[in-house]
Amino acid sequence: MRARARRMLQVLSKIGRSTLVDTSSTVTSMPFVARHVPVKIRRHGKIARHLELWRATIAAALATRPTIVVASNYFSAFIGWLTARVTGARFIYDAHELV
């Protein structure tokens, strides 16, 4: 996980519980993450991998009902926005790649 995403999680955890959904199987030294949902990518091909991550993200969001959804790169922007719409959460997009 990149330092920028780690800092965002750390700040947001002061507001409430944080759930991290990512493709990493381990999260080290992040006690501020209340729940980690590792997504095992079993399929090959770009589209299948994205769909697997999207499915896991929406499932985790429906289970936890977040108040804020954060997307930290352009690969996660669409699913972050969609998840926020489905759950009624606010959406934050860190557009550092575009600046």
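Residues numbered from 1 in each chain as written. Predicted model: local features only at pLDDT ≥ 70, side-chain atom pairs only at ≥ 80, totals over all residues. Heavy atoms only, no water.

Engineer: How would you explain a nonpolar patch on the surface if you had to name every residue and give the values?
Structural biologist: The grouping of Ile15, Ile68, Val70 and Ile92 at the surface amounts to a nonpolar patch, some 310 Å² of accessible area in total. Summarising the element assignment, valine 70 is placed in strand S3 (residues 68-71). Under the relative-accessibility criterion, valine 70 is labelled partly exposed at 31%. (Patch = residues over 30% accessible without salt bridge, like charges linked within 9 Å, V, L, I, M, F, W, Y side chains within 5 Å. Areas by Shrake-Rupley, 256 points an atom, 1.4 Å probe, with all protein chains shown as cover. Salt bridge = Lys/Arg side-chain N within 4 Å of Asp/Glu carboxyl O. Helix = DSSP H or I, 4+ residues; strand = E, 2+ residues; numbered from the N terminus. Buried < 20%, exposed > 50% of the residue type's maximum accessible area, 1.4 Å probe, protein only.)

Engineer: Which residues make up the packing of aromatic side chains, and what are the values?
Structural biologist: Per the counting criterion, the structure on display carries three aromatic pairs. Each ring, one from tryptophan 54 and one from phenylalanine 78, has its centre 5.4 Å from the other, and the planes form 55°; the classification is tilted. With tryptophan 54 in helix H2 (residues 46-64) and phenylalanine 78 in helix H3 (residues 77-87), the pair connects residues that are 24 residues apart, well separated along the chain. Assessed through its relative accessible area of 24%, tryptophan 54 is described here as partly exposed. Classification of phenylalanine 78 as partly exposed rests on a relative accessible area of 41%. When the centroid spacing of 4.4 Å and the interplanar angle of 35° are considered together, the rings of tyrosine 74 and phenylalanine 75 count as tilted. Put simply, the rings of Trp54, Phe78 and Trp81 pair up and form one aromatic cluster. (Phe/Tyr/Trp six-rings, centres within 6.5 Å; stacked < 30°, edge-to-face > 60°.)

Engineer: Explain unusual backbone geometry to me, using residue names and the numbers behind them.
Structural biologist: Unusually for a residue other than glycine, arginine 65 sits at a positive phi of about 50°. Within the secondary structure, arginine 65 is located in the loop between H2 and S3.

Engineer: How would you explain the side chain of glutamate 52 if you had to name every residue and give the values?
Structural biologist: Relative to the assigned elements, glutamate 52 resides in helix H2. Looking at glutamate 52, its side chain comes within polar contact range of the side chain of arginine 55, at 3.2 Å. (Polar contact = N/O pair within 3.5 Å; in protein donor to acceptor, adjacent residues only side chain to side chain.)

Engineer: An account of helix H1 (residues 3-13) is requested, with residue identities and associated values reported.
Structural biologist: Every α-helix carries 3.6 residues per turn, so stepping three or four residues along brings you back to the same face. Within H1, the full set of buried residues consists of Ala5, Met8 and Leu9. Down the axis of H1, the buried set is contained in an arc of 100°. They therefore lie on one face. Buried positions along H1 lie against strand S1 (19-22) and S3. (Arc of directions from axis to C-beta. Contact = heavy atoms within 4.5 Å.)

Engineer: Give a detailed account of the side chain of threonine 57, specifying residues and quantitative values.
Structural biologist: Examined against the element boundaries, threonine 57 turns out to sit in helix H2. With relative accessibility at 15%, the residue threonine 57 sits in the buried group.

Engineer: Quick rundown of the packing of H2 against H3? Include the residues and the values.
Structural biologist: Running from N to C, H2 and H3 point in directions that differ by 30°, and their axes come no closer than 10 Å. As summarised for this structure, H2 and H3 are arranged roughly parallel, according to the angle between their axes. H3 is crossed by H2, and the crossing has right-handed handedness. Residues Trp54, Thr57, Ile58, Ala61 and Leu62 of H2 touch H3, and the partners they reach there are Phe78, Ile79, Leu82, Thr83, Val86 and Thr87. (Axes fitted to C-alpha atoms, helices over the stretch in contact; angles between N-to-C directions. Parallel < 35°, antiparallel > 145°, perpendicular 65-115°, else oblique. Left-handed = near helix turned anticlockwise from the far one by under 90°.)

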